[in-house]
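# Coordinate inspection notes
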Amino acid sequence: MKLSVNGKSHDVDVENDMPLLWVLRDELGITGVKYGCGIAQCGACTVHIDGQAVRSCQIAAGEVEDAEITTIEGLGQPEALHAVQSAWIEHQVAQCGYCQSGQIMQAASFLQLNDEPTDEDIDFAMSANLCRCGTYPRIREAVKTAAKTLRGA
Amino acid sequence: MGKLGTIARRTFLIGSVAVAGGVAFGYYMYKRPAANPLLEELGEGETALTEYVRISSDGITLITPRADKGQGVYSMQAALIAEELDVELEQVTVDPGPPSPAYYNTALSEEAAPFRSTDDGFAAESVRSVMDVLMKFLGMQITGGSTSAPDGYQKLRIAGAVARETLKKAASQKTGVAVADLTTEGGAVLLPDGTSLSYIDLAPMAAQIEPVTEVSLRDPSTWRLIGQPMQRVDIVDKSTGRLVYGIDHKVEGMLHAAVKLNPAQGGEMSAIDGSEAEKMRGVVKVVPVKGGVGVIADNTWRAMQAAEAVKFETGPSPFPASMDDHWSALEASFVEDAVDSRQRDEGDTAARLEGAEVFEAEYRAPYLAHAPLEPVSAIVQVQDDRVDVWTGTQIPRFVQSNVADLTGMDIEKVHVHVFMMGGSFGHRLEDEVVKQATQLAMAVKGKPVKLTYSREEDMMHDFTRQIAMARMKGTVKDGKVETLDLGIAMPSVVVSQMGRQGFPVPGPDLQIVAGAWEQPYRIPNYRVTGYRAPQLAPISSWRSVGASSNGFFHDCALDELIHAAGADPMEERLRLMWHDASRKTLEAVAEMSNWGSDLGANRGRGVAFVMSFGVPTAEVVEVTNTPDGIKIDKVYVAAEVGRVIDPLNFDNLVKGGVVWGLGHAMNCEITYTDGVADQTNYHAFEAMRLYQCPEIEVRGLENSDKIRGIGEPPVPPAAAALANAIYAATGQRIREMPFNKHIDFV
């Protein structure tokens, strides 16, 4: 099947029911997307499908043949950062960093829908992404900074 | 110390070793493995040389042997070297280095020796010195125990200084300018006329000369990096998906593998039938491994699917069948025959408890998983003349030796490549995954095999935090705490953990009482007894180890007695405390939280103090008792670490420790039924999520001359301060973790 990832088309020979997560990681070598739980409880595998944040461990490859898939690598790179990534760097959010690709993808999708979030909105939008290091206070601050940048843009 | 210092200098063959196109400053050659160079308090004009700086034509690499699980020690170690070497962090790359006895961890032994960390007396220092020797002998290149900062604070700065002075000497020889007229900046030696000679260009020459071994360390007032907020060296990569963790690494021709382990912890699988699995797409081979079976395939998901298709019979767990049995074993351990230590025994506790009004309470703490977000993984490739291991580990030397044993390869032919870790919290002090990956790789010799645990395997086969129980008896008199008698029962973490590495551990295990026996209080009758329970489920070090349960027990016990005495929780703790640096942490949180001010209806505030890993840490938690349950509003933390090396990372780590301590105290436990963990994934073990996270205010204090690490100390007081705050808000005293068995949280 053909998959479009970060603007590039890939031919992959996989079962229809292989989770997108494992197609990205093991077949295409795109490892910014992380495996954490496999049951949509941690959010480490969050990617965008047509701009919307989803858990790639729950999406079968066969379901997204015609969709545009974006991973953290496609969101922004050091020379051209997304506003959410800039805020994450400014606030030095990451400790181990393993959950942060998913946190950033979640935040980017959420802020696209709501760039003036209240504290409650942030709690609601970000609580399905687990961080075992406990970077939550900095995630809150970084989301606010990113929202401000996006409003200004 | 002077004499020992001289001996230490002589026992080293000090030299620098040329590497391809450059120079490595300078791998120590140990002539007498038990010599102890770190006895000397290195300062002005004293000698050392470094195995921490490597310069080649490609650039400058700083070796940071303490593993980074997310706590930022790559950055911290690099900053300590760079401060003296005069390079900017943007100019260097960091590398955790190979397993080597040269990178032993001396600070670990300080916590292993049976002296309070507030005890600087001769006996204490002597025993710590013996432990240092032992540590080096064992070559324990271990990351743990919040030791990276105290371990590296002197030796990494010295390493940087030695490299800098040797490069200056090379520049002097090249140009004829006296060393005294040379300065260094930004990775270069500067001549008086402004000419700049880069370290990289000087390196080949520096390799040819005798290194400078007499260096003096800079005065803290001149520091450029230490004490300033630093941008972590990994922050951009971690925010753009570029950072390669062990689980992400790729080796040419690599196969993927998964395991299915016997669900009952400690039991062996039998009647393994892999015939169905072997027919599945992509499957290469089904291989029995330690504790279960592995499947090698061409993709991780296919391997995981196939592992689930393997048929087998479950072997029984050698551990108690029900949690009631586990708890009964602890209850039965509060007897004289099981006394493991009684390091604290002041006044006449037994006599005082006769005939007086005695307050009693019993506390419990459950098994807990480490559950770092990156499941454990390892890549192993076995070839005729070498074995390579790529993994995230806190114990590279043990990994190297265990892989050598399994493969029959000479240890120097086992190459361990250590990766950044997606969290650990003590999880990667174990290496079962490496052993299993090695067995798989041996079955397809020549091919690299990456074994990735599923989350379920990772959680169900974790070596958990100890289960523990405490019993308190106490008396109060004239509004003051008069007697505190605390007994703690648990199995030995150290025996369980080191036993898996083949090391017997004789003598008492002070982790059974850590976080309780060494608290700097003067109470007229004060006794802390450790009781050793039998080994139950296999257990391991979990962020803050013994103190993770004992800090909760000891501080809540004290809080109950303070309330029984009718005293103020802050004032009575301060009155009882003799250690000045510890008092200041309590005074700091009292000021930060405006202790004593009115919080309003349905609210409460609790304080806790725990010294662990030598770090006095005080926390105040504020809660509201809402109709939907307890809401944690705010936490104030003050910790004494001697020197805050990076205030930004310090703040982040302390907040993380508080979240860790609170989240597990509120929500988490691992229970076993017939040896099988009942919690299999994050849906049943989620700790704290963002919506429950309070605002946290942090202050680092620098009143002590001992440099300490901060990874673990914020954890133990958190649960106690929360329980004490809940009592203040509701009148309900919670004595068992997880607290949500007894009260709801918003």
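Residues numbered from 1 in each chain as written. Chains lettered and ligands numbered in written order. Predicted model: local features only at pLDDT ≥ 70, side-chain atom pairs only at ≥ 80, totals over all residues. Heavy atoms only, no water.

### Let's talk about the overall build of chain B
Where we set the bar: Secondary structure elements are defined from DSSP: runs of H or I of at least 4 residues count as helices, runs of E of at least 2 residues count as strands, and each element is numbered from the N terminus. Only protein chains enter the accessibility calculation, which uses a 1.4 Å probe. A residue is then buried if its area is under 20% of the maximum for its type, exposed if over 50%, and partly exposed in between. Contacts between residues were defined by any pair of non-hydrogen atoms, one from each residue, lying within 4.5 Å.
Looking only at helices and strands, chain B has 20 helices and 32 strands in total. Per-residue burial over chain B gives 65% buried out of 746 residues. A separation threshold of at least 6 residues defines the contact pool for chain B, and within that pool the share at least 24 residues apart is 78%.

### With respect to the pattern of salt bridges
Residues and elements named next belong to chain B. Filter applied, for reference: Any carboxyl oxygen of Asp or Glu within 4 Å of a side-chain nitrogen of Lys or Arg constitutes a salt bridge here.
Per the counting criterion, the structure on display carries 57 salt bridges over all chains. In this structure, the salt-bridge partner of Lys168 is Glu165, at a minimum N-O distance of 3.2 Å. One end of the pair, Lys168, and the other, Glu165, are both in helix 5 (residues 148-175), three residues apart, so they sit about a helical turn from each other. Side by side, Lys168 and Glu165 carry an identical accessibility label, which is buried. Across the salt bridge formed by Glu432 and Lys290, the nearest N and O atoms sit 2.6 Å from each other. Of this pair, Glu432 sits in helix 13 (residues 432-443) while Lys290 sits in the loop between strand 15 (283-289) and strand 16 (292-297), and the two are 142 residues apart along the sequence.

### Points about the state of the cysteines
Residue and element names in this part refer to chain A. What counts, and what does not: Cysteine sulfur atoms are paired as a disulfide whenever they come within 2.5 Å of each other.
Under the criterion given, the structure shown has zero disulfides over all chains. Sulfur of Cys42: no disulfide; nearest cysteine sulfur belongs to Cys37 and is 3.8 Å away. For Cys42, a relative accessible area of 3% gives the class buried. Here Cys133 stays free of any disulfide, with the sulfur of Cys96 as its closest cysteine sulfur at 3.7 Å.

### Points about the environment of Asp559 of chain B
Residues and elements named next belong to chain B. In this fold, Asp559 is placed in helix 16 (residues 546-565). Using a relative accessible area of 1% as the deciding quantity, one classes Asp559 as buried. Not counting the four nearest positions on each side in its chain, Asp559 is found in contact with Pro569, Arg573, Val607, Asn724 and Arg733.

### Digging into the pairing of strand 4 (residues 52-55) of chain A
We count it as follows: Paired strands, in this sense, are two strands between which DSSP finds at least two bridges.
Inspection of the sheet shows strand 3 (residues 46-49) of chain A paired to strand 4 of chain A by four bridges, in the antiparallel sense. Its bridge partner lying in strand 4 of chain A, Val47 of chain A is registered against Val54 of chain A.

### Some words on the interface of chain B and chain A
The test is simple: Accessible area, probed at 1.4 Å, shrinks when two parts are joined; the buried area is that loss added up over both. In the analysis that follows, any N or O atom pair within 3.5 Å is treated as a polar contact, provided that within protein one partner can donate a hydrogen and the other can accept it, and provided that, for residues neighboring in sequence, both atoms belong to side chains. Following the grouping adopted for this structure description, the nonpolar residues are Ala, Val, Leu, Ile, Met, Phe, Trp, Tyr, Cys and Pro, the charged ones are Asp, Glu, Lys and Arg, and the polar ones are all others, Gly among them.
Contacts between the two partners involve 62 residues from chain B and, on the opposite side, 57 residues from chain A. Roughly 4,900 Å² of surface becomes buried between chain B and chain A when both sides are summed, with 54% attributable to carbon and sulfur atoms. It is Trp301, Leu373 and Leu690 of chain B in chain B that bury the most area against chain A; as a group they hold 17% of the surface buried on that side. Linking Glu15 of chain A and Arg302 of chain B is a salt bridge whose minimum nitrogen-to-oxygen distance equals 2.7 Å. Counting the contacts that link chain B with chain A gives 38 residue pairs in polar contact (both at pLDDT 80 or more). The greatest single-element share of the side of chain B that touches chain A, amounting to nine residues, is contributed by helix 19 (residues 647-667) of chain B. For the side of chain B that touches chain A, a count of residues per class yields 28 nonpolar, 18 polar and 16 charged.

### Here we look at unusual backbone geometry
In the segment running from Met737 of chain B into Pro738 of chain B, the intervening peptide bond is cis, with an omega of -5 degrees. Relative to the assigned elements, Pro738 of chain B resides in the segment after helix 20 (715-730). Non-glycine residue Asp50 of chain A carries a positive phi angle of around 50 degrees. For Asp50 of chain A, the position within the fold is in the loop between strand 3 and strand 4.

### Focus on the sheet that holds strand 21 (residues 387-391) of chain B
All names here are of chain B. Counted only if it meets this: Geometry is summarised by axes, namely lines fitted to C-alpha atoms with helices restricted to the contacting stretch, and by angles between N-to-C directions that run from 0 to 180 degrees.
Pairing is mixed across the open sheet formed by seven strands, whose spatial order is 15-16-13-23-20-21-22. Pairing within the sheet leaves two strands with one partner each, and these edge strands are strand 15 and strand 22 (414-418). Geometrically, the sheet is characterised by an average inter-axis angle of 20 degrees between neighbouring strands, direction not taken into account. Bridge analysis of strand 15 against strand 16 gives six bridges, and the strand direction is antiparallel. Each residue of the ladder has a partner; that of Lys285, found in strand 16, is Ile296. Packed onto the sheet, helix 12 (residues 396-407) meets strand 20 (377-382), strand 21 and strand 22 and runs at close to 145 degrees relative to strand 22.

### Concerning the domain arrangement of chain B
Residue and element names in this part refer to chain B. Rules: The split of the chain into domains comes from an automatic or database domain assignment.
What the domain assignment reports for chain B is domain 1 (31-105 + 140-240), domain 2 (246-317 + 376-452) and domain 3 (323-368 + 463-741). Centre-to-centre separation of domain 1 and domain 3, based on C-alpha positions: 38 Å. The interface is formed by 20 residues belonging to domain 1 together with 17 residues belonging to domain 3. Note on domain 1 versus domain 3: buried area summed over both sides is about 1,400 Å², and carbon and sulfur give 64% of it. Linking domain 1 with domain 3 are zero salt bridges. Between the two partners, domain 1 and domain 3, sit four residue pairs in polar contact (both at pLDDT 80 or more). Among the elements of the structure, helix 2 (73-85) and helix 5 are those that each provide at least two residues to the side of domain 1 that touches domain 3. Considering each element in turn, the side of domain 1 that touches domain 3 owes the most residues, three residues, to helix 5.

### Observations concerning the packing of helix 6 (residues 136-152) of chain A against helix 19 of chain B
This is how the line gets drawn: Any angle that is under 35 degrees is reported as roughly parallel, and any over 145 degrees as roughly antiparallel; angles of 65 to 115 degrees are reported as roughly perpendicular and all others as oblique.
Closest axis-to-axis distance for the helix 6 of chain A/helix 19 of chain B pair is 9 Å, and the angle between their directions is 120 degrees. Comparing the axis directions of helix 6 of chain A and helix 19 of chain B gives the class oblique. Packed against helix 6 of chain A, whose contacting residues are Tyr136, Pro137 and Arg138 of chain A, the element helix 19 of chain B presents Leu648, Asp651, Asn652, Lys655 and Val659 of chain B at the interface. Taken together, the residues of the contact of helix 6 of chain A with helix 19 of chain B sort by class into four nonpolar, one polar and three charged.

### Description of the pairing of strand 16 of chain B
All names here are of chain B. A large share of strand 16 lies buried, amounting to six of its six residues. As defined by bridge partners, strand 13 (residues 255-261) adjoins strand 16 across six bridges and the pair is classed as antiparallel. Within strand 16, the position partnered with Lys260 by the bridge is Val293. Where strand 15 folds back onto strand 16 in an antiparallel hairpin, the turn is made up of two residues, including Gly291, whose phi is positive at roughly 80 degrees.

### Here we look at the domain arrangement of chain A
The accessible area lost on association of the parts is a frequent measure of interface size. Residues and elements named next belong to chain A. Annotation of chain A at the domain level lists domain 1 (2-75) and domain 2 (83-151). When each unit is reduced to the centre of its C-alpha atoms, the spacing between domain 1 and domain 2 is 21 Å. A buried area of about 1,300 Å², summed over both sides, lies between domain 1 and domain 2, and 55% of it is on carbon and sulfur atoms. Three residues, Arg55, Ile72 and Leu75, lead the burial of domain 1 against domain 2; their summed loss comes to 34% of the area buried on that side. Seen at the junction of domain 1 and domain 2, the total is zero salt bridges. For the pair domain 1 and domain 2, the interface holds eight residue pairs in polar contact (both at pLDDT 80 or more). Within the residue set of the side of domain 1 that touches domain 2, elements represented by two or more residues are strand 3, strand 4 and helix 2 (72-75). In terms of residue class, the side of domain 1 that touches domain 2 is made up of seven nonpolar, nine polar and two charged.

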